[in-house]
Amino acid sequence: MTKTILNVTGLTKNFGGIKAIDNVDLDIKPGEIVALIGPNGAGKTTFFNCLTGIYTPSSGDIVLCHPNSEKEIRLNGMKPNKITEQGMARTFQNIRLFPTMSVLENVMIGRHCRTHSLILGAIFRGSATRREEREIVDMSYEILIKVGLQKEVNEEARNLSYGAQRRLEIARALATEPFLLLLDEPAAGMNPNETEDLVGLIKTICGEGQSILLIEHDMKLVMSLSDRIFVMDYGKKIAQGTPEEVRANPAVIKAYLGEDVDA
């Protein structure tokens with residue numbers, strides 16, 4: 001039986017008397033691309049925020065397990081930076097880059113959770129600190145090659161096109177060395193060519209051993225890319241399965257996909 005690297009059970013998040021997420025289960029296995037879909041307001045981003053420590057769940061469990069370890073880590077109540085250290089990173093629906101910093105510097109910041117030099121090392125800049133700095137630069141540049149931004153390495157992030165900023169945010173997340181990458185609407189605002197490039201990038205990332213959980217409204221992308229799909233509506237999970245199973249599910253058709261979807 002294939003192990004799970006993320007196991008979410010009974011996840012609930014209340015805001016006052018409103019249940020933004022209501023008893024949702026979800027699991028991810030190594031090497032999977034899993035999509036989380038649903039109409040606007042279904043609770044998808046709130047779900048991501050619970051997984052990554054921005055919100056503390058009202059109830060339920062979030063358990064992470066490294067693909068090469070049997071140790072299970074309960075993420076409930078853990079701070080976002082500590083969750084990143086455990087091997088789960090994310091991008092945001094609204095791009096969150098450092099606009100006046102260079103493309104390379106934005107990726108280098110993502111390495112912070114994997115560095116060892118402390119304040120004294122930064123002050124005295126010993127050989128170990130200098131070596132680590134070189135390694136950070138080299139690895140960050142390799143990631144920029146992977147996402148196709150090596151030519152913009154010294155450009156300020158704010159000067160990139162929207163699609164390139166999306167790829168830069170993915171690059172920064174990859175710099176944390178996640179085994180599970182969460183992408184919140186990565187294709188939003190992209191033109192067809194940029195979306196095609198994104199699909200190729202996601203396949204490359206997954207092919208290198210990382211698992212991906214993505215929120216996305218582009219149904220053509222979701223249906224062509226996902227191994228499994230979870231569907232939410234009004235905070236509840238209403239369906240799950242392969243793209244073919246979800247496409248044919250009457251509850252999904254009614255809630256989200258529409259009667260005449262040709263995905």
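Structure shown above.
No experiment lies behind these values; they were computed from the predicted model shown. (Residues numbered from 1 in each chain as written. Predicted model: local features only at pLDDT ≥ 70, side-chain atom pairs only at ≥ 80, totals over all residues. Heavy atoms only, no water.)

Visitor: What should I look at first to understand helix H7 (residues 192-207) in this one?
Guide: Since the α-helix advances by 3.6 residues per turn, residues separated by three or four positions end up pointing in the same direction. When the terminal C-alpha atoms of H7 are compared, their 23 Å separation across 16 residues agrees well with the 22 Å that a helix rising 1.5 Å per residue should span. A side-chain oxygen of the first residue of H7 lies 3.1 Å from the backbone nitrogen of asparagine 193; this N-cap is asparagine 191. (Helix = DSSP H or I, 4+ residues; strand = E, 2+ residues; numbered from the N terminus. Expected span 1.5 Å × (residues − 1). Polar contact = N/O pair within 3.5 Å; in protein donor to acceptor, adjacent residues only side chain to side chain.)

Visitor: Would you mind showing me how to read the pattern of salt bridges here?
Guide: Here the idea is simple: oppositely charged side chains can pair when their charged atoms come close. In the structure shown here, the tally under the stated rule is 12 salt bridges. A salt bridge links glutamate 85 to lysine 82, with the nearest nitrogen and oxygen atoms 3.8 Å apart. With glutamate 85 and lysine 82 both in helix H2 (residues 80-86) and three residues apart, the pair spans about one turn of that helix. Given the relative accessible area of 40%, lysine 82 is considered partly exposed. Across the salt bridge formed by glutamate 177 and arginine 111, the nearest N and O atoms sit 2.8 Å from each other. One end of the pair, glutamate 177, is in the loop between helix H6 (162-174) and strand S7 (180-184); the other, arginine 111, is in the loop between helix H3 (103-110) and helix H4 (119-124), with 66 residues separating them in the sequence. One salt-bridge network, in which partners are shared between bridges, spans Asp27, Lys29, Glu32 and Arg228. (Salt bridge = Lys/Arg side-chain N within 4 Å of Asp/Glu carboxyl O. Buried < 20%, exposed > 50% of the residue type's maximum accessible area, 1.4 Å probe, protein only.)

Visitor: Any chance you could explain the packing of H3 against H6 here in plain terms?
Guide: Two measures define how a pair of helices packs: the angle their axes make with one another and the distance between the axes. Direction vectors running N to C along H3 and H6 enclose 35 degrees, while the axes themselves pass 7 Å from each other. The hand of the H3/H6 crossing is right-handed. Contacts from Val103, Asn106, Val107 and Gly110 of H3 reach H6 at Leu168, Ala171 and Arg172. Tallied by class, residues from the contact of H3 with H6 come to four nonpolar, two polar and one charged. (Axes fitted to C-alpha atoms, helices over the stretch in contact; angles between N-to-C directions. Left-handed = near helix turned anticlockwise from the far one by under 90°. Contact = heavy atoms within 4.5 Å. Nonpolar A, V, L, I, M, F, W, Y, C, P; charged D, E, K, R; others polar.)

Visitor: It is not clear to me how the packing of H6 against H7 should be interpreted in this structure. Could you clarify?
Guide: Axis separation between H6 and H7 bottoms out at 10 Å; the angle between their running directions is 10 degrees. Considering the angle they form, H6 stands roughly parallel to H7. Contact with H6, carried on its side by Gly163, Ile170 and Leu174, involves Glu194, Leu198, Leu201 and Ile205 of H7 and no other residues of that element. In the contact of H6 with H7, the residues fall into five nonpolar, one polar and one charged. (Parallel < 35°, antiparallel > 145°, perpendicular 65-115°, else oblique.)

Visitor: How should I be thinking about the state of the cysteines in this particular structure?
Guide: Two cysteines whose sulfur atoms are joined by a covalent bond form what is called a disulfide. Applying the stated criterion to the full structure yields zero disulfides. Here cysteine 65 is not cross-linked by a disulfide; its sulfur's nearest cysteine counterpart is in cysteine 206, at 18 Å. Exposure remark for cysteine 65: the relative accessible area of 5% places this residue in the buried category. (Disulfide = S-S within 2.5 Å.)

Visitor: Help me understand empty space enclosed by the protein in this model?
Guide: Rolled over the atoms, a probe sized like a water molecule indicates the empty space that remains. On inspection of all chains with the given rule, the structure shows one cavity of 30 Å³ or more. Its volume calculated, the largest cavity comes out at about 30 Å³. Lining the largest cavity we find Cys50, Gly53, Tyr55, Thr56, Pro57, Ile62, Leu75, Asn76, Gly77, Met78 and Ile83. Looking at the lining of the largest cavity, its residues break down into seven nonpolar, four polar and no charged. (1 Å grid on protein atoms, 1.4 Å probe; cavity = no way out; pocket = protein on both sides within 12 Å on 5 of 7 lines; lining within 4 Å. Points joined across faces, edges and corners; volume = space filled by probe spheres on them.)

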